[in-house]
Amino acid sequence: MNKPEDRTTLLEFPCEFPIKIMGARVEGFAQAVIAVVLEHAPDFDPARTEMRPSSKGNYLAITCTLNATSKAQLDGLYMALTAHPMVKVVL
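First things first, this report covers the structure right here in the doc. On a predicted model such as this, the values are computed, not experimentally measured, just so you know.

1. Side note on the pattern of salt bridges
Once their charged atoms are close, side chains differing in charge can pair, the charge on each being opposite to the other.
At step 1: A full pass over the atoms with the stated rule returns 2 salt bridges.
At step 2: Among the ionic pairs, arginine 48 bridges to glutamate 16, the shortest N-O distance being 2.7 Å. In this pair, arginine 48 is assigned in the loop between α1 (29-40) and β2 (49-53) and glutamate 16 in strand β1 (residues 15-24), connecting sequence segments 32 residues apart.
At step 3: Overall, arginine 48 belongs to the partly exposed group, its relative accessible area being 38%.

2. Topic: the environment of histidine 84
At step 1: As for its position among the elements, histidine 84 is in the loop between α2 (71-83) and β4 (87-90).
At step 2: Along the backbone, histidine 84 and valine 33 are 51 residues apart, and their C-alpha atoms lie at a distance of 8.6 Å.
At step 3: Those residues in contact with histidine 84 that lie beyond four places of it in its chain are Ala32 and Val36.
At step 4: At a separation of 3.0 Å, a polar atom in the side chain of histidine 84 contacts the main-chain amide nitrogen of methionine 86.

3. Examining the side chain of threonine 65
At step 1: Here threonine 65 shows up in strand β3 (residues 59-68).
At step 2: Leave out the neighbours within four places in its chain, and threonine 65 touches Glu16, Phe17, Pro18, Phe44 and Arg48.

4. Description of the pairing of β2
At step 1: Sheet topology places β2 next to β3; 5 bridges connect them, and they run antiparallel. Across the sheet, residue arginine 52 finds its bridge partner in β3, namely alanine 61.

5. Focus on the sheet that holds β3
At step 1: Taken in spatial order, the 4 strands make up an open sheet running β2-β3-β1-β4, and their pairing is antiparallel. Each edge of the open sheet is held by one strand with a lone partner, namely β2 and β4. Looking at each pair of strands side by side, their axes are set apart by 25 degrees on average, direction ignored.
At step 2: Of the strands in this sheet, β1, β2, β3 and β4 are in contact with α1, which crosses β3 at around 20 degrees.

6. Quick look at α1
At step 1: The terminal C-alpha atoms of α1 lie 17 Å apart, and with 12 residues this matches the ideal 16 Å at 1.5 Å per residue to within 8%.
At step 2: Phe29, Ala30, Ala32, Val33, Ile34, Val36 and Val37 are the residues of α1 that are buried.
At step 3: Elements in contact with the buried residues of α1: β1, β2, β3, α2 and β4.

Each value, and the rule that gives it
- Along each chain, residue indices are assigned from 1 in the same order as the chain's sequence is written.
- Local features in this predicted model are restricted to residues of pLDDT 70 or higher, and side-chain atom pairs are both shown and tallied only at a pLDDT of 80 or more, whereas totals for entire chains, interfaces and linings draw on every residue.
- Processing note: side-chain calculations cover all non-hydrogen atoms of the structure and skip hydrogens and water entirely.
- Only one rule defines a salt bridge in this text: a Lys or Arg side-chain nitrogen within 4 Å of an Asp or Glu carboxyl oxygen.
- Numbering of helices and strands runs from the N terminus; a helix is a DSSP stretch of H or I covering at least four residues, while a strand is a stretch of E covering at least two.
- Three exposure classes are used, based on accessible area relative to the maximum for each residue type with a 1.4 Å probe and protein chains only: buried under 20%, partly exposed in between, and exposed over 50%.
- Any two residues whose heavy atoms approach within 4.5 Å at even a single point are treated as in contact.
- Residues adjacent in sequence count toward polar contacts only when both atoms are side-chain atoms; beyond that, a polar contact is any pair of N or O atoms within 3.5 Å, and within protein one must be able to donate a hydrogen and the other to accept it.
- Any two strands with at least two DSSP bridges between them are considered paired.
- Angles shown run from 0 to 180 degrees and are taken between the N-to-C directions of axes, each axis being a line fitted to C-alpha atoms and, for helices, limited to the stretch in contact.
- In this analysis, the expected span of each helix is defined as 1.5 Å times one less than the number of residues it contains.

Here is the structure:
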């Protein structure tokens, strides 16, 4: 177990972790995001994906709630998502 002074995050793993990804509402965006999430969290259930279009319908916000197992896993996922050309914002 990690000592409090050794921790680099306040999260305790494993934990349920929602991640929100936003991008243009274009063909294949949701599938591309889910594919990246599955690369980093193979046990992610795509049925737990929530999608919400922007008020004008130009953008799509996708929330994926995954079972996060480590800070390294989340860091890798954030880096992969932010590097994806279809993704505008990751929260």
